[in-house]
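Fold and geometry: a report
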Amino acid sequence: MTDYPLPAPGEITGWTTPPTDGGERLDGRSTVLLTADRLITGRRGDAPGTLEVVGDVPDVGPDGEGAGPAEAARRAGGGGAVLLDHKRILFVGTVAEAEAHLSSRTDLAVADIGRLDLPGSTLMPGLIETHDHLLTSGTAVEYPDYGPHEVARLTLNAARSARELLSVGVTSTQSLGARHYIDVAVREAIDNGDVRGPRVVASGPQITTTAGHSYHAGAEVDSLDQIRYEVRHHHKMGVDTIKVMATGGFMTGGSAPWFAQFSQGELDVLIAEAHRLGKWTAAHAHGVQGIERAVRAGVDYVAHASFITADGRSEFDPALADEMARAGVYVDCTITADMPQMLRRDDSYAPPARQLWEHGVKIVAGHDAGIPAVPQRGYVAGLEALEWVGLPRAEVILAATSRAAAAIGCAGITGVLAEGFEADLIAVAGDPRESLDALRDLTLVVTRGREFVPDRLEGVPVLLDDSLGGLGPIGPAATLGVWRTLAERRRTHPEV
Ligand SMILES: [Zn+2]
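Quick caveat: nothing in here was measured; it's all calculated off a predicted structure. (Residues numbered from 1 in each chain as written. Predicted model: local features only at pLDDT ≥ 70, side-chain atom pairs only at ≥ 80, totals over all residues.)

**A word on the pairing of strand β14 (residues 425-429)**
How we decide: Whether a residue is buried, exposed or partly exposed follows from its count of other C-beta atoms within 10 Å of its own C-beta, namely 20 or more, 12 or fewer, or something in between, respectively; the C-beta atoms are built from the backbone. Helix and strand labels come from DSSP, where a helix needs a run of H or I of at least four residues and a strand needs a run of E of at least two; each type is numbered from the N terminus. When DSSP finds two or more bridges between a pair of strands, those strands are recorded as paired.
Within β14, five of the five residues are buried, which leaves it mostly tucked inside the rest of the structure. In β14, alternate side chains face the same way, and those of Leu-425, Ala-427 and Ala-429 on one face and Ile-426 and Val-428 on the other are all buried. Strand direction decides the pairing type here: strand β5 (residues 114-125) and β14, joined by five bridges, are antiparallel. Looking at the pairing, Leu-123 lines up with Ala-427 of β14. Strand direction decides the pairing type here: β14 and strand β15 (residues 442-447), joined by four bridges, are antiparallel. Note on β15: the bridge partner recorded for Val-428 is Leu-442.

See the structure below:
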């Protein structure tokens, strides 16, 4: 019998693929210096309307005129650099500063430090989706009927969504509604390295009223005791965020977005109980009554804020906007990729992102990704739509990076390229300050220090109308249509 060496307990067997498997240049277990033509930290710059930028080699395009000055600036160490150690950022500076820093450090074996140069690219924090539905498909139906395989299929959908987000440069996401707490399990699997995906901040099922908006997610409550129980149960199930449906919504037939679903007292108890347990809180709120109650209850995050009224029109309320600004609440106006197209056809539903921003409200990039017609892969188009509705480009970039991190309870962890933050970053060809389109041209995606090679993603068909094919009597146009018909009938039939 030949002598077969059995590994001792605790010994690594050596059953690993080569480090280059999958084309990953960064394995998350090394010290690596990354350099590019510039680095956007994710923070605001000193001058109004600017971003903080480290190093800035002239952007001349691949073979552009003036390539000489760009080359000279690179040779002089004028680009931006970030030094990663495992999953952390050790240092950020110009290339020259990073090289000087490296040579001054006696604790690092310089010979072991890798280097990846990305001339022509911009380094910046990984993007953040603040309002996600990982389980759902982003196609025609919110929750497809998977029969007995529902949990398994929804879990696989979530794993696919996670890869899809990373593939477009999104390295953190806040899940704001997931049946069966699947988002919690997916978060754990990603943290454990079982599947690749962005950092997930998980809410589990949205808390709503019986038959209220998204009741099908499975968390209906109708009394203070039920509210306390449901928040505590969510805590037990391991959520990070408590998401409450403060108003009705467009995607649940029979729930009116302009009416609040909970009283002030109910929301006060819900938010206080969530905060007592150390949870982040988010409220879905369309109409002013629900926005107002959520903000007064002390919620951290408001989704939608469309200011929609029973007349089916968004009617901005400046006093409420000021109250939101004073409260410091983060707001996603859910400006999706198809919003410009929707507004061109009918501008009655128009979340006032620009006006809120002018009133000092902290707008972030949340798209309700995963609901019908809003695929995860449409993230950058959603940022372009946010610019289209009036946010300056620098604000959009903040809304997708540092401010988005703060908006999902991850301030100080991600969203900024600075010493001590986790190594969630992307590199893009060109300079996104010139055009957000540059964000599509990813030259590097890194999540917690490890590179992710994007999956190939196909485009999705553009919907030509609001009917969202096959959804039946839900969706903005349908919901508004029903209410307008009711109002019109009452007006034209004043029977005695
Ligand atoms: Zn949502």
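**Focus on the domain arrangement of the protein chain**
Much of the literature gives interface size as the accessible area that the parts lose upon coming together. How we decide: What marks off one domain from the next here is an automatic or database domain assignment. Residues are defined as contacting one another if the C-beta atoms placed from their backbone atoms lie within 7 Å. Gly counts as polar in this scheme, as do all residues outside two lists: the nonpolar Ala, Val, Leu, Ile, Met, Phe, Trp, Tyr, Cys and Pro, and the charged Asp, Glu, Lys and Arg.
The domain architecture assigned to the protein chain consists of domain 1 (21-125 + 415-464) and domain 2 (127-414). If you average the C-alpha positions of domain 1 and of domain 2, the two centres end up 30 Å apart. At the interface, 29 residues of domain 1 touch 33 residues of domain 2. Broken down by secondary-structure element, the contributors of at least two residues to the side of domain 1 that touches domain 2 are β1 (31-44), β5 and β15. Looking at the side of domain 1 that touches domain 2, its residues break down into 17 nonpolar, five polar and seven charged.

**Structural notes on helix α4 (residues 182-191)**
Along α4, the positions that sit buried rather than exposed are Ile-182, Asp-183, Val-184, Val-186, Arg-187 and Ile-190. Taken together, the buried residues of α4 touch α3 (150-167), β7 (170-175) and β8 (199-201). Remark: Gly-193 follows α4 within two positions and exhibits a positive phi of approximately 85 degrees.

**Observations regarding the sheet that holds strand β9 (residues 241-245)**
Across a sheet, paired strands are connected by hydrogen bonds in the backbone, their directions being either parallel or antiparallel. As a reminder of what qualifies: A fitted line through C-alpha atoms represents every axis, and for helices the fit uses only the stretch in contact; the resulting angles, taken between N-to-C directions, go from 0 to 180 degrees.
Strand order in the open sheet formed by five strands is β9-β10-β11-β12-β13, and the pairing between neighbours is parallel. Sheet topology places β9 and β13 (362-363) at the edges, where each strand pairs with a single neighbour. Summarising the sheet, strand β11 (residues 301-304) and strand β12 (residues 330-332) pair through three bridges and their orientation is parallel. Considered in β12, the bridge of Ala-303 is made with Asp-332. Sheet strands touched by helix α7 (residues 288-297): β10 (280-285) and β11. Its angle to β10, the strand with the most contacts, is close to 165 degrees.

**Overview of unusual backbone geometry**
One non-glycine residue, His-180, lies in the positive phi region at around 60 degrees. Its place among the elements puts His-180 in the loop between β7 and α4. Among the residues examined, His-180 registers 17 C-beta atoms within 10 Å and is labelled partly exposed. Unusually for a residue other than glycine, Ser-214 sits at a positive phi of about 65 degrees.

**Some words on the pairing of β9**
Heads up, the condition is: Look down the strands so they point away from you; if going from the first strand over the helix to the second traces a clockwise path, that crossover is right-handed.
Of all five residues in β9, five are buried, a share of seventy percent or more. Burial along β9 is two-sided: the face carrying Thr-241, Lys-243 and Met-245 and the face carrying Ile-242 and Val-244 are both buried. For β9 and β10, the ladder comprises five bridges, and the chain directions are parallel. Along β10, the bridge assignment pairs Lys-243 with Ala-282. As for the winding sense of the linkage, the β-α-β connection from β9 through helix α6 (residues 264-276) to β10 is right-handed.

**Focus: the confidence of the model for the protein chain**
Any segment with low pLDDT has predicted coordinates that should not be analysed in fine detail. Let me state the cut-off plainly: pLDDT gives the predictor's per-residue confidence on a scale running from 0 to 100.
Taken as a whole, the protein chain shows an average pLDDT of 91; of its residues, 92% reach a score of 70 or greater. Scored below 50 in pLDDT, residues 466-474 shows 23 contacts in the model against residues more than four places distant or in partner chains.

**Comments concerning the environment of His-101**
Tracing the chain through its elements places His-101 in helix α2 (residues 95-104). Considered as a pair, His-101 and Gln-261 are 160 residues apart in the sequence and their alpha carbons are 56 Å apart. Here His-101 is in contact with Phe-91 and Gly-93, once residues within four sequence places are set aside.

**Topic: the environment of Ile-408**
Within the fold, Ile-408 resides in the loop between α13 (402-407) and β14. With 32 C-beta atoms packed within 10 Å, Ile-408 lands in the buried category. Along the backbone, Ile-408 and Thr-136 are 272 residues apart, and their C-alpha atoms lie at a distance of 20 Å. Here Ile-408 is in contact with Ile-128, Thr-130, Ser-172, Gln-174, Val-201 and Trp-280, once residues within four sequence places are set aside.

**Focus on the sheet that holds β8**
The strand order across the open sheet formed by three strands is β6-β7-β8, and the pairing between neighbours is parallel. On the outer flanks of this sheet lie β6 (127-132) and β8, each paired with one strand and no other. Neighbouring strand axes in the sheet, compared pairwise and without regard to direction, differ in orientation by 15 degrees on average. Where β7 meets β8, three bridges bridge the pair, whose relative direction is parallel.

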